[in-house]
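Summary of the model geometry
One letter stands for each residue in the lines below.
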Amino acid sequence: FPEDFLKKQRHLAKSRLIGDNDVETLILQALASGLDTGDKIMDHTHLPPEVFSQSIAMLEIKGRIRSLLGGGWTLI
């Protein structure tokens, strides 16, 4: 592939992991690392449940993540 194409793809992939605030970024990066449930993400990020719940809901509303059957989330 041409280097410009690969550079653009790397930039797009990296930008997908940046939220509108630090908490969203933490959650997106946790999901990208393979953590997929609320408990795993909160354990890893040390976010309080109320902050996690609000942020995960906003990420869903913004179309950045989607919920999985049986619980958990994944990046879109």
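Quick summary incoming for the structure in this document. (Residues numbered from 1 in each chain as written. Predicted model: local features only at pLDDT ≥ 70, side-chain atom pairs only at ≥ 80, totals over all residues. Heavy atoms only, no water.)

1. What to know about the environment of glutamine 29
Position of glutamine 29 among the secondary structure elements: in helix α2 (residues 22-32). Residue glutamine 29 is classed as partly exposed on the basis of its relative accessible area of 41%. In this structure the C-alpha to C-alpha distance between glutamine 29 and leucine 75, which are 46 residues apart in sequence, comes to 9.6 Å. (Helix = DSSP H or I, 4+ residues; strand = E, 2+ residues; numbered from the N terminus. Buried < 20%, exposed > 50% of the residue type's maximum accessible area, 1.4 Å probe, protein only.)

2. Some details on the pattern of salt bridges
Counted by the stated rule, this structure contains 3 salt bridges. Linking aspartate 20 and lysine 62 is a salt bridge whose minimum nitrogen-to-oxygen distance equals 2.7 Å. With aspartate 20 in the loop between α1 (3-15) and α2 and lysine 62 in the loop between α4 (49-61) and β1 (65-67), the pair connects residues that are 42 residues apart, well separated along the chain. A single network of salt bridges, built from pairs that share partners, joins Asp20, Glu24 and Lys62. (Salt bridge = Lys/Arg side-chain N within 4 Å of Asp/Glu carboxyl O.)

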